[in-house]
Amino acid sequence: VYHGPEGLKAIARRIHDMTGALANALKNAGFELTQNSFFDTISIKADGNLQSEIKAKSNNHNFNFWYTKETIQISLDETITDEELQSILQVLCASAGKTIAVISLPASDGAEDTDTQINWSSSNWHRSAEAAHSGQYGWYNGPCIQGYYYLTSSPVSLRNTNNPQLVFWSLDYSRSGGYQFVEISTNLGRSWIRLVNMANPSNKVWNRYQVDLTPYK
C-alpha cells in the first residue's frame, strides 16, 4: 500500500497521539514514567513483583511488552485501536492495584494537511488550499446562492475522553445576509443542538472558536 509523504505523516501523528494519550493516563493513575519525550514507546518504572503481575495479565490479552531490570516498555504502532489502548491501561492498572484512569483520546481530522480521516458529507462545500488557515487545506462553500449548505462529519465517539474540546478557525465575513453556525447531534442526526454562531463582520477576519463538548459525552 502506498501512503505517500502526507499519508505517512498522518500515520505517525496518530501513533504519537495515541502514545501520548496512554502516557497521560498512566501518569494520572500514579505510574512513574522514565522519560518525558517519546514518539511511539513509553517506559514505566516497575519492580520484579509488578513485572510478574503485568506479564501474567498481559499474556492473557496477547500483549507483548519489553521488560528490563527496573522498567516496562510499551510500544504502539499504526494498528492500535481505541479499545486495545484502553485494555492495555486496564491490564497495567489492575496489576498495580491502581484506579483505572480515563484515556483522553484525540479525535484528529487531517483535512488541513492530508486526506481527511473523518468521512464528510457536504452540500456545496469544498476542500481547497486557497481556504487554508494554518495547514495546507481548508473548507469553503461556493458558489453561493440562496439556501442552506451543510458540511457534516461522520460520528465521532467521545467515549473515554477527558475534557473533549472542539477547536477550529473560521474566516468570517458578511455574505449578503448569510451566516454560519456549528451544531452537534447526539442521536445520529435526528435532532441538532446549536453550539456556536460564527461572527459576521463586514471585512474578512480569521476567528478561533473553542467549544466544550463535555455535556455531549
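Attention here is on the structure that accompanies the text. Small disclaimer: the values here were computed from a predicted structure and weren't measured.

**Overview of the overall build of the protein chain**
No. 1: Looking only at helices and strands, the protein chain has 3 helices and 11 strands in total.
No. 2: Counting helices and strands in the order they occur from the N terminus, the protein chain gives α-β-α-β-β-α-β-β-β-β-β-β-β-β.
No. 3: The proportion of buried residues among the 217 residues of the protein chain is 32%.
No. 4: In the protein chain, of all internal contacts separated by at least 6 residues, the share reaching a separation of at least 24 is 57%.

**Some details on a nonpolar patch on the surface**
No. 1: A contiguous nonpolar patch, built from Tyr148, Tyr150 and Tyr179 and spanning about 400 Å² of accessible area, is present on the exposed surface.
No. 2: As for its placement among the helices and strands, Tyr179 is situated in the loop between strand S8 (165–172) and strand S9 (181–184).

**With respect to the packing of aromatic side chains**
The geometry of an aromatic ring pair is captured by two quantities: the separation of the ring centres and the angle between the planes.
No. 1: Within this structure, the stated rule accounts for 2 aromatic pairs.
No. 2: With centroids separated by 6.3 Å and ring planes inclined at 20°, the aromatic side chains of Phe63 and Phe65 adopt a geometry described as stacked.
No. 3: With a centroid separation of 5.2 Å and an interplanar angle of 20°, the aromatic rings of Phe168 and Tyr209 are classed as stacked. Highlighted residues: Phe168 in strand S8 and Tyr209 in strand S11 (residues 205–212), separated in sequence by 41 residues.
No. 4: Phe168 gets classed as buried once you look at its relative accessible area, which sits at 18%.
No. 5: Over the ring of Phe31 we find Lys98; its NZ or CZ atom is 5.3 Å from the centre of that ring.
No. 6: Looking at Arg194, its charged tip hangs above the ring of Phe181, at a distance of 3.7 Å from the centre.

**Digging into helix H3 (residues 82–96)**
Residues spaced three or four apart along an α-helix point in a common direction, a consequence of the helix completing one turn every 3.6 residues.
No. 1: With 15 residues, H3 extends 22 Å between its outermost C-alpha atoms, agreeing within 8% with the 21 Å of an ideal straight helix rising 1.5 Å per residue.
No. 2: Listed as buried for H3 are Leu85, Gln86, Ile88, Leu89, Val91, Leu92, Cys93 and Ser95.
No. 3: Backbone geometry just after H3 places Gly97 at a positive phi near 70°.

**Overview of the layout of surface pockets**
No. 1: Of the pockets and cavities examined, the second largest pocket occupies roughly 160 Å³.
No. 2: Taken together, Phe63, Asn64, Phe65, Ile74, Ser75, Leu76, Asp77, Thr79, Ile80, Glu84 and Ile88 form the lining of the second largest pocket.
No. 3: For the lining of the second largest pocket, the secondary structure elements donating two or more residues are strand S3 (71–75) and H3.
No. 4: The residue inventory of the lining of the second largest pocket, partitioned by class, reads 6 nonpolar, 3 polar and 2 charged.

**Some remarks on the pattern of salt bridges**
No. 1: Enumeration according to the criterion identifies 3 salt bridges in this entry.
No. 2: A salt bridge links Glu53 to Lys57; its shortest N-O distance comes to 3.5 Å. Residue Glu53 and its partner Lys57 are located together in helix H2 (residues 48–60), separated by 4 residues, close to a single helical turn.

Analysis parameters
Residues numbered from 1 in each chain as written. Predicted model: local features only at pLDDT ≥ 70, side-chain atom pairs only at ≥ 80, totals over all residues. Heavy atoms only, no water. Helix = DSSP H or I, 4+ residues; strand = E, 2+ residues; numbered from the N terminus. Buried < 20%, exposed > 50% of the residue type's maximum accessible area, 1.4 Å probe, protein only. Contact = heavy atoms within 4.5 Å. Patch = residues over 30% accessible without salt bridge, like charges linked within 9 Å, V, L, I, M, F, W, Y side chains within 5 Å. Areas by Shrake-Rupley, 256 points an atom, 1.4 Å probe, with all protein chains shown as cover. Salt bridge = Lys/Arg side-chain N within 4 Å of Asp/Glu carboxyl O. Phe/Tyr/Trp six-rings, centres within 6.5 Å; stacked < 30°, edge-to-face > 60°. Lys NZ or Arg CZ within 6 Å of the ring centre and 35° of its normal. Expected span 1.5 Å × (residues − 1). 1 Å grid on protein atoms, 1.4 Å probe; cavity = no way out; pocket = protein on both sides within 12 Å on 5 of 7 lines; lining within 4 Å. Points joined across faces, edges and corners; volume = space filled by probe spheres on them. Nonpolar A, V, L, I, M, F, W, Y, C, P; charged D, E, K, R; others polar.

This is a description of form; function is not addressed.
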